[in-house]
Amino acid sequence: MTGIKDVAREAGVSVSTVSYVLSGKRSISAKTTDKVMAAVERLGYTPDASARKMRGMRNHIFALSAPIRGDINQAKYNAYFLQTAWQAKNRGYDVLLLTGEDAVADIRRVTQSNLVDGVVLLDIEEHDERTAQAGSYSKPCVAIGYPCRA
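Notes on the structure follow. Think of each chain on its own: its residues are numbered from 1, step by step along the sequence as written. In view of the model being predicted, local features appear only for residues whose pLDDT reaches at least 70, and side-chain atom pairs are presented and counted only at 80 or more, with totals across whole chains, interfaces and linings using the full set of residues. Excluded from the side-chain calculation are hydrogens and water; included are all heavy atoms of the structure.

Overview of the overall build of the protein
Going along the chain from the N terminus, every DSSP run of H or I of four or more residues is numbered as a helix, and every run of E of two or more is numbered as a strand. Regarding its fold elements, the protein presents 7 helices and 4 strands. When the helices and strands of the protein are placed in sequence order, the string is α-α-α-α-β-α-β-α-β-α-β. For this measure, only C-alpha atoms enter the radius of gyration; the expected value for a globule follows 2.2 Å times N^0.38, where N is the number of residues. Relative to a compact globule of 150 residues, whose C-alpha radius of gyration would be 15 Å, the protein shows 20 Å and is clearly more extended. With a 1.4 Å probe rolled over the protein chains alone, any residue whose accessible area is under 20% of its type maximum counts as buried; one over 50% counts as exposed, and the rest are partly exposed. Looking at the 150 residues of the protein, the share that counts as buried comes to 30%. Taking the intrachain contacts of the protein between residues at least 6 apart in sequence as the baseline, contacts between residues at least 24 apart amount to 53%. A 1.4 Å probe and the Shrake-Rupley method give the accessible areas. Residues count as covered only by the protein chains that appear here. For the protein, the computed accessible surface area is about 9600 Å², with 52% contributed by carbon and sulfur atoms. Contacts: residue pairs with any heavy atoms within 4.5 Å of one another.

Section: helix 6 (residues 103-112)
When we look at burial in helix 6, the residues that qualify are Ala103, Val104, Asp106, Ile107, Val110 and Thr111. Taken end-on, helix 6 shows its buried residues confined to a sector of 160°, consistent with a single buried face. Lining the buried residues of helix 6 we find strand 1 (61-65), strand 2 (94-98), strand 3 (118-124) and helix 7 (129-132). Each direction from the helix axis to a C-beta atom contributes to the arc, which is the arc of those directions.

Quick word on the side chain of threonine 32
Turning to its location among the elements, threonine 32 is positioned in helix 3 (residues 30-43). Polar contacts involving the side chain of threonine 32 include one to the side chain of serine 29, which spans 3.0 Å. Filtering out sequence-adjacent residues up to four positions away, threonine 32 remains in contact with Val13 and Thr17. We call two N or O atoms a polar contact when they sit within 3.5 Å, provided that within protein one can donate a hydrogen and the other can accept it, with sequence-adjacent residues counted only if both atoms are side-chain atoms.

Points about the pattern of salt bridges
Here, a salt bridge means any Lys or Arg side-chain nitrogen found within 4 Å of an Asp or Glu carboxyl oxygen. In the structure shown here, the tally under the stated rule is 4 salt bridges. Arginine 109 is the partner of aspartate 106 in a salt bridge, and the nearest nitrogen-oxygen pair spans 3.4 Å. Of this pair, aspartate 106 and arginine 109 both sit in helix 6, 3 residues apart, roughly one helical turn. A salt bridge links arginine 130 to aspartate 128, with the nearest nitrogen and oxygen atoms 2.9 Å apart. By the burial criterion, arginine 130 is buried, and aspartate 128 matches it.

Describing the sheet that holds strand 1
Ordered by their spatial adjacency, 4 strands build an open sheet running 2-1-3-4, and the pairing between neighbours is parallel. Each end of this open sheet is capped by a strand with a single partner; those strands are strand 2 and strand 4 (141-145). Sheet twist, expressed as the mean angle between neighbouring strand axes with direction ignored, is 20°. Axis lines are fitted to C-alpha atoms, over the contacting stretch for helices. Their N-to-C directions set the angle, which ranges from 0 to 180 degrees. Here helix 6 sits on the sheet and contacts strand 1, strand 2 and strand 3; the angle it forms with strand 2, its principal contact strand, is near 145°. Here the rule is simple: two strands pair whenever DSSP picks up at least two bridges between them.

Here's what the structure looks like:
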C-alpha cells in the first residue's frame, strides 16, 4: 500500500511538505502543490482515515440514523434515502446508513470514533431515545420528525 513517504519520494519533497499540501495547514507554492498532487494521483495514494481523524480533519461522511420499523412507508423512505445520497454526493459527502436495533449505541460508536462528521436522525417519534441522547453525542445532529413536545 502506498504511503506518504512514497508520495514524498515520488514528488521529490519532504514528508512534511506532502502533509502540508494534503492538509492545507500551511501555504505551499502552486508548483510544489502540483508536483505533490501529481504524485498522489500517479501512486493512487489515499490518506489514512485514522491519521486524518487525529489531525481533526473531516471525513466527509455523515450518518443517517433511520430505524427500520414494520409500519414504514417504503416509497417515502426510499425517496428520502435517494435524495439524501444525491445531496451528499453533490457536496462531497458520503452517507453511512445506521439501521441497527440499538440506534443510540450505533450513533455513539460512529461519533466517538470520529467515523462521521455529523448525524441526521430520521423519522423521530415522540419520546425518541435518539433525540433524548443527542446532547451526549460528540458530533452535531439534525433531527427530522416529531419529537415529544414539552
